[in-house]
Amino acid sequence: MAEFGEILQNIGEFGLFQKLTLAALCFPNVGESFLSASFIFIQSDPERHCNTDWILQADSNLTTDEQLNLTLPREEDGTFSRCQMFVPVDWDIGDIREYGLNETTGCHNGWVYGNSLYEATIVTDFDLVCDRENLVRVAQSLFMVGVLAGSFIFGPLAESLGRKRTNQISAVLLFIFTVATAFCPNVYVYMAFLFMVGVGGGGYRVNSMLLVTEWVGPSKRSWGACMTQIIGATGQCILAGLMYFIRRWRLAQLIMAAPFAVLVIYIWFIPESVRWLLSRGRTEEAKQLIIKAATINKRTVPDSLLEQIAKNDVVQKRGLQVIFRSSILTRYFFIVLLGGFSVSLAAYSLYLNVGNFGLSIFLTQLLFGVFEITAILLAMWLLEVFGRRKLFISTLLTGGLASMLILAVPKGQAIAVTSLATAARFFLAWAGSVSTIFMQELFPTSVRQSASAFEAMAARLGGILAPLLNILSMYHWSIPTAVFSSFALISGALCFLLPETTRKELPESTDEAENNRNVTSTKTENLKQQSTKL
């Protein structure tokens, strides 16, 4: 019986076929990074005052200063109130000047905004200020809930429908609702559409990464997950320039949808995972794809190997029971889940707080993107040099320590805080790459997609809790940083219990997963030696 690892040795572990598939599946991540990154380009407390144009009916010749003096109360520091106005009255202007107004109320007629960093944001378009200010955090969390739901729905669904079909459905949802979000009439429709964007994004991210991984051989497997993240980090750099020149969120939203429009055109031509086809007993389709991949890679597949493929048995599906029936796999599962959760909680908490670091938000965003690209490029190289386990431990611990050190920096030291936050993001991005690869390499094919989906869900749960955790800063500014830093440090310590998976074939059964693929690795080495002799 021929295993797919042996087949890859013949058709090429990372030939032109795999490179084209990787490029096609990674390209939309330029736009995917826009979806969550755009949240930081929201001025949560813009300069504003209540719209009091009602008084112009009494005297249309009032200057702006006169209008504000007559219609707005002042705060203790002498500035005009941002959330209160005097109750409108049906008096003539002389009586208003003589007796003045005393009774206050909320801003019934909206707000007038001034000196904003952007021309239009969801805050100014939907008036998310004063008693509606927390809706910004709700929208951020709803997006991450959508990503979580997408991972939960499309992850396990890929085990029955296949990686290709679930990617197609996710891509269509992502494009439709990204465009629709730009035309939302109010914040509630916006949040509903944003949730659906998250559903499509979560489903596409988890399935596209796995589809790439299952086509690539062990020597280049880390490249799939790392290239996906590099493209996303590149999107963050592009976003900094995009929002600097285009400061209207609706237009920016439409531009963000462009990569997804291209994706919807070519997603129908992406190949299915041969590993999944073989696990479902669809050997004829698998053979055709293997021959196609070999042809594009300018390799040949021996007829004897193709005949052995037909003898593969259909894997019986038992879902995550495969993991929980093994104490070893259960331990691996929860350690990597906690690692993914901790990385996401820390990274998003830092990211959504970027406007409070003190430096230019555009510069900080660019630095985050540049350093994330650097981190992932280093990961692609060092993952093969030092292995998964050592890098996962070191990056989690270093990222947690760097973020914890922010607590020791005196307030007002913008450069020091930004440097530590950027360093923390650097190592956390690195750890995120390893977390994704670990989850795909530790578990057998029959549950690999479900395990990866749960890892993605754990990460999204961290993203959901990040904006809510940042709210705790109202009690003390150090609480969010102390919490997410502690999670990263604890996760890094627990990773000492994980095995090394570098340059080992993906396991096809529970036994192979428990034994960390030692037997199959030997098979692969024997096959290489035989090929060399021939």
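Data block above holds the structure.
One structure accompanies this document, and this report is about it. (Residues numbered from 1 in each chain as written. Predicted model: local features only at pLDDT ≥ 70, side-chain atom pairs only at ≥ 80, totals over all residues. Heavy atoms only, no water.)

## Describing the overall build of the chain
Put simply, the rule reads: Numbered from the N terminus, helices here are DSSP runs of H or I no shorter than four residues, and strands are runs of E no shorter than two. Relative accessibility thresholds used throughout: buried, under 20% of the residue-type maximum; exposed, over 50%; partly exposed, between the two (1.4 Å probe, protein chains only). Should any heavy atoms of two residues lie within 4.5 Å, those residues are considered in contact. Only the protein chains shown count as cover for residues, and all accessible areas are computed by the Shrake-Rupley method using a 1.4 Å probe.
Summing up its helical and strand segments, the chain has 24 helices and 4 strands in all. A burial count over the chain gives 57% of its 534 residues as buried. Nonlocal contacts in the chain, meaning residues at least 24 apart in sequence, comprise 79% of its contacts between residues at least 6 apart. Entry remark: accessible area of the chain is about 22200 Å², with carbon and sulfur atoms responsible for 60%.

## Examining the side chain of Ser-491
Looking at where Ser-491 falls in the secondary structure, it is placed in helix α22 (residues 479–494). Relative accessible area serves as the criterion here: at 1%, Ser-491 is assigned to the buried category. Filtering out sequence-adjacent residues up to four positions away, Ser-491 remains in contact with Leu-338, Gly-339, Ser-342 and Leu-396.

## Things to note about helix α7 (residues 135–161)
Helical geometry: 3.6 residues make up each α-helical turn, so side chains three or four residues apart lie on a common side. The test is simple: To estimate the expected span of a helix, subtract one from its residue number and multiply by 1.5 Å.
For α7, built from 27 residues, the straight-helix expectation of 39 Å at 1.5 Å per residue is met to within 8% by its first-to-last C-alpha distance of 37 Å. Just past α7, the residue Gly-162 takes up positive phi, approximately 100 degrees.

## Re the environment of Cys-50
For Cys-50, the position within the fold is in strand β1 (residues 48–50). Through-space distance from the C-alpha of Cys-50 to that of Asn-109 is 7.2 Å; in sequence the pair is 59 residues apart. Among all residues touching Cys-50, those that are not within four sequence positions of it are Leu-72, Cys-83, Gln-84, Met-85, Cys-107, Gly-110 and Trp-111.

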